[in-house]
Amino acid sequence: MTDTSQSLAPSAEAPSLPVVLVNWNGWEDTIACIRSLIATDHDDLVVIVCDNASTDGSVKRLCAWADEALRRAAPLRRPAVEHARCITEWVAPNRAGFRFVLVENDGNLGFAGGNNVGIALALADPACRHVFLLNNDTEVEPGALRALQARAAADPMLAVIGATLVFHDRPDRVQGLGAGYDRKRARARTLFAGGARDALPPVEAIEQQIEYVIGAAMFIRADVLRRTGGMGEQYFLYYEELDFAHQLLPGERQGWAPDAVIRHKVGGSIGTGRAKARPSNTSLYYDHRSKIRFYRTYWPEMTLFLVAALAKTMLAYLRQGDVTAVRVILCALRDYAQQPASYRADLSRFQQPK
């Protein structure tokens, strides 16, 4: 992440809250998310959308929507940020303190890389206290941002705070309040998944179990981001939030704001689709490649358990007759072994799942 010295917005005693979204071929979801942010009760908001070189006309669509709904603004002082090819800004005529910043990245930088461009812009303001990383396939409920800030004010040692993620099409049901990770089975454990929104557990019970905050909504202290340099770009997709949790210092904890309710479309930002559907080839590939990278970095002593888990997964796909899924996983294994420092792959050779 580029070190910056100039300010995106004038410093003040109560600085604006920057919200960073990454868009990749998902302009409709992104617009819906921005609209929900405009509708919140937060006074000063800077929504930074980083487009990862979309091929569906996202930039043109976002500009057209913003020109109609907002008003173009003279750009504020800003630093030169690596990978930011073009930056355009708007303000809301009837929404004091709202600013929309569209950043055109020079390539598809992945989840972490795309977010890091927005993080660099946000941290250019020395008064910035928190940065909110938000998936573009989400919609925030009106009091969510204030709930996150209130939780942060109540416990300054919380380095990163998660929200109450609910399913977009079933907002009475919880997608997750945070996550743990089963090292032996090599899979995540989402906390309170499927639970009733009106019967949430105590905050303390959840925070004792959180191993990482779900990446769809991460409210992060600015000083922590400055120290870590942002999100780990070595993963491209998946495991960035678990990696980020491993960068925290002793005493820096992870929390949950129960009143910060966010509706999540689950997989919409990467094209996975329905929660119970077979992941796309892209999702399957990067999930396994990032998993291998993470284990080799932090848990090398658990390699045998990882191998057993991968074998079990491939066997399950073979039993379903999904040979393509097995080929994709084997491709992830081979690519990591041959190019462990790289994360890019050409998956066009694989037939997309039906």
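Reference entry: report on the structure contained in this document. Keep in mind it's a predicted model, so treat the numbers as computed, not measured. (Residues numbered from 1 in each chain as written. Predicted model: local features only at pLDDT ≥ 70, side-chain atom pairs only at ≥ 80, totals over all residues. Heavy atoms only, no water.)

What follows concerns the overall build of the protein. Helix and strand content of the protein: 10 helices and 13 strands. If you line up the protein on its principal axes, its C-alpha atoms span 55 × 45 × 40 Å. Across the protein, every contact between residues at least 6 apart in sequence was considered, and the portion connecting residues at least 24 apart equals 75%. Counting only carbon and sulfur atoms, one obtains 52% of the accessible surface of the protein, whose full area is about 15,800 Å². The average position of the 41 basic charges and that of the 39 acidic charges among the side chains of the protein differ by 6 Å. (Helix = DSSP H or I, 4+ residues; strand = E, 2+ residues; numbered from the N terminus. Contact = heavy atoms within 4.5 Å. Areas by Shrake-Rupley, 256 points an atom, 1.4 Å probe, with all protein chains shown as cover. Lys, Arg positive; Asp, Glu negative; His and termini not counted. Charge placed at Lys NZ, Arg CZ, Asp CG, Glu CD.)

What follows covers the pairing of strand 5 (residues 98-105). Strand 5 sits mainly inside the fold: 8 of its 8 residues count as buried. Burial along strand 5 is two-sided: Phe98, Phe100, Leu102 and Glu104 facing one way and Arg99, Val101, Val103 and Asn105 facing the other are all buried. Sheet analysis places strand 2 (residues 45-51) next to strand 5, joined by 7 bridges and oriented parallel. What sits directly across from Val46, in strand 5, is Arg99. The pairing of strand 4 (residues 84-91) with strand 5 spans 7 bridges and is classified as antiparallel. Across the sheet, the residue bridging to Thr88 is Leu102, located in strand 5. Where strand 4 folds back on strand 5, the antiparallel hairpin that results is connected by 6 residues, among which Gly97 adopts a positive phi of roughly 85°. (Buried < 20%, exposed > 50% of the residue type's maximum accessible area, 1.4 Å probe, protein only. Pairing = 2+ DSSP bridges.)

Let us now look at the pattern of salt bridges. Inspection of the entire model under this criterion finds 17 salt bridges. Across the pair Glu141 and Arg197 runs a salt bridge whose closest N-O atoms are separated by 2.7 Å. Of this pair, Glu141 sits in the loop between strand 7 (138-140) and helix 4 (144-154) while Arg197 sits in the loop between strand 11 (187-190) and helix 5 (203-207), placing them 56 residues apart in sequence. Given a relative accessible area of 18%, Glu141 falls into the buried group. With a closest N to O distance of 2.6 Å, Glu252 and Arg227 form a salt bridge. Here Glu252 is found in the loop between helix 7 (240-245) and strand 13 (253-264), whereas its partner Arg227 is found in helix 6 (residues 222-228), with 25 residues between them in sequence. Residue classification places Glu252 among the buried positions, given a relative accessible area of 14%. A network of salt bridges, in which partner residues are shared, links Arg221, Asp223, Arg227 and Glu252. (Salt bridge = Lys/Arg side-chain N within 4 Å of Asp/Glu carboxyl O.)

This part covers the nonpolar core. Of all hydrophobic cores here, the largest spans 57 residues; its most connected members are Leu37, Val47, Phe100, Phe132, Leu134 and Ile262. Setting aside residues no more than four positions away along its own chain, Leu134 makes contact with Val19, Val20, Leu21, Val22, Cys33, Leu37, Val140, Ala216, Ala217 and Ile262. Formed by 53 residues, the second largest nonpolar core is a distinct cluster that contains Val101, Ala159, Leu347 and Phe350. (Core = buried A, V, L, I, M, F, W, Y, C linked by side-chain atoms within 4.5 Å.)

The next subject is the packing of helix 8 (residues 281-298) against helix 10 (residues 323-338). Where helix 8 contacts helix 10, the two axes come as close as 9 Å, and the packing angle between them is 40°. As helix 8 packs across helix 10, the resulting crossing turns out to be right-handed. Along its contact with helix 8, which presents Asn281, Leu284, Tyr285, His288, Arg289, Ile292, Arg293 and Arg296, the element helix 10 presents Thr324, Ala325, Val328, Ile329, Cys331, Ala332, Leu333, Asp335 and Tyr336. Class assignment of the residues belonging to the contact of helix 8 with helix 10 gives a composition of 10 nonpolar, 3 polar and 4 charged. (Axes fitted to C-alpha atoms, helices over the stretch in contact; angles between N-to-C directions. Left-handed = near helix turned anticlockwise from the far one by under 90°. Nonpolar A, V, L, I, M, F, W, Y, C, P; charged D, E, K, R; others polar.)

Relative to the helices and strands, Gln320 resides in the loop between helix 9 (303-319) and helix 10. Judged by its relative accessible area of 58%, Gln320 is exposed. Placed 30 residues apart in sequence, Gln320 and Phe350 show a C-alpha to C-alpha distance of 17 Å.

Here helix 8 spans 26 Å end to end across 18 residues, near enough to the 26 Å set by a 1.5 Å rise per residue. Counting buried positions over the 18 residues of helix 8 gives 13, a clear majority of the element. (Expected span 1.5 Å × (residues − 1).)

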